[in-house]
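# Chains, contacts and geometry: an overview
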Amino acid sequence: MKDFSPLGGGDINEVFTVKTDMGKFVVKINQEQEFPEMFKKEAMGLKQLAEAKVLRVPKVVDNGVEENMGYLLLEHISSSGKAKDFWENFGVKLAQLHKNSQPTFGLNYDNYIGSLPQHNNTTTKDAATFYIEKRLEPQLKLARENDYKFSGTDSFFKNIEDVIPKEKPALIHGDLWNGNFMTDENGQACLIDPAICFAPREMDIAMMHLFSGFSQDLFKAYNQKFKLEEDWKDRLKIWQLYYLLVHLNLFGDSYYSAVDQIISHYN
């Protein structure tokens, strides 16, 4: 190793750029016992996105555990300014990614959303059942354990069942906010830090709207390539509930009101 320097990170992982005789890489490390197989699952997700051959992701070089520290070694991707067609190209490729499907919702393994477990292993063919049982219920259970109270969840579940589109499962990034893509050296979008699953595709679209940072040109290009179901904008809050619950369970009180308002709206 010739040199290494911090690249950033957060409460979960430390991230470094590493220069070696074989080139430049990115390495992520954390406490394996606190987050078992987090990097193994992230590597699996990156490889599955790469196999779709639409949106670029960093190549996985290696992952494992050394002295109780988990590590993930990735290709280093240089960043550049956005190409003129950046947003349109991003929208088209995201639509192509979402056209990857399988007969059932879920994955054959569980993974993480942030530092929280994300439960995927399922055989359901119904979008509403998957979303309620594998996304909302685990996060609501955790929220209750953290002393957050919600009323009317049973009627909420019943009411949203009727408005969730009966679409096929789509391969989604799963945590697509504006910090989880970068611009590569060619000025095009590259996805990082996935929480993949075969899930309702509107989940990615809703997360992209939750914290903004995406041009309307992207959604226009997406819709031209893979038209969203009627009234998709009216359903954004339903899907955003999952991500807001995750934020509530990770970061606390400031997200409670937004969660409670969505549940109340559908009661």
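Shown above is the structure to which this text applies.
Residues numbered from 1 in each chain as written. Predicted model: local features only at pLDDT ≥ 70, side-chain atom pairs only at ≥ 80, totals over all residues. Heavy atoms only, no water.

Now for the overall build of the chain. Scanning the chain from N- to C-terminus turns up eight helices and eleven strands. Compactness check: the chain gives a C-alpha radius of gyration of 19 Å against a globular reference of 18 Å for 267 residues, within 12% of the reference. Considering the chain as a whole, with its 267 residues, one finds that 50% of them fall into the buried category. A fraction of 66% describes how many contacts in the chain between residues 6 or more apart in sequence connect residues 24 or more apart. When the accessible surface of the chain is summed, it comes to about 13300 Å², and 47% of that surface belongs to carbon and sulfur atoms. Taken together, the 30 basic and 38 acidic charged side chains of the chain have centroids lying 7 Å from each other. (Helix = DSSP H or I, 4+ residues; strand = E, 2+ residues; numbered from the N terminus. Rg over C-alpha atoms; globule rule 2.2 N^0.38 Å. Buried < 20%, exposed > 50% of the residue type's maximum accessible area, 1.4 Å probe, protein only. Contact = heavy atoms within 4.5 Å. Areas by Shrake-Rupley, 256 points an atom, 1.4 Å probe, with all protein chains shown as cover. Lys, Arg positive; Asp, Glu negative; His and termini not counted. Charge placed at Lys NZ, Arg CZ, Asp CG, Glu CD.)

A few words now on helix α2 (residues 86-98). Over its 13 residues, α2 runs 18 Å from end to end, which matches the ideal 18 Å to within 8%, given 1.5 Å per residue. Within α2, burial applies to F86, W87, F90, G91, L94, A95, L97 and H98. Down the axis, α2 shows its buried residues gathered within 160 degrees of arc, on one side only. Next to the buried residues of α2 lie α1 (38-52), β8 (170-172), β9 (181-183), β10 (189-191), α5 (202-210) and α6 (216-225). (Expected span 1.5 Å × (residues − 1). Arc of directions from axis to C-beta.)

Once that is clear, we can look at the nonpolar core. For soluble globular proteins, nonpolar side chains are generally found buried alongside one another. Within the largest apolar cluster, 78 residues are counted, with the highest numbers of intra-cluster contacts made by F90, Y131 and L136. If you tally residues by element for this core, the top one is helix α7 (residues 236-251), at ten residues. Residues within four places of Y131 in sequence aside, it is in contact with L136, I160, I164, M203, I238, W239, Q240, L241 and Y242. (Core = buried A, V, L, I, M, F, W, Y, C linked by side-chain atoms within 4.5 Å.)

Moving on, we get to the packing of α2 against α6. Between α2 and α6, whose axes approach to 7 Å, the crossing angle comes to 40 degrees. The pairing of α2 with α6 is recorded here as oblique in orientation. Two packed elements cross with a definite hand, and for α2 against α6 that hand is right-handed. The residues of α6 that touch α2, namely those facing W87, E88, F90, G91, V92, L94, A95, Q96 and H98, are D217, L218, A221, Y222 and K225. Class assignment for the residues of the contact of α2 with α6 results in eight nonpolar, three polar and three charged. (Axes fitted to C-alpha atoms, helices over the stretch in contact; angles between N-to-C directions. Parallel < 35°, antiparallel > 145°, perpendicular 65-115°, else oblique. Left-handed = near helix turned anticlockwise from the far one by under 90°. Nonpolar A, V, L, I, M, F, W, Y, C, P; charged D, E, K, R; others polar.)

Residue placement: G91 occurs in helix α2. Given the relative accessible area of 0%, G91 is considered buried. The spatial distance from the C-alpha of G91 to the C-alpha of N68 is 40 Å, given a sequence separation of 23 residues. Other than its neighbours up to four places away in sequence, G91 contacts L218, A221 and Y222.

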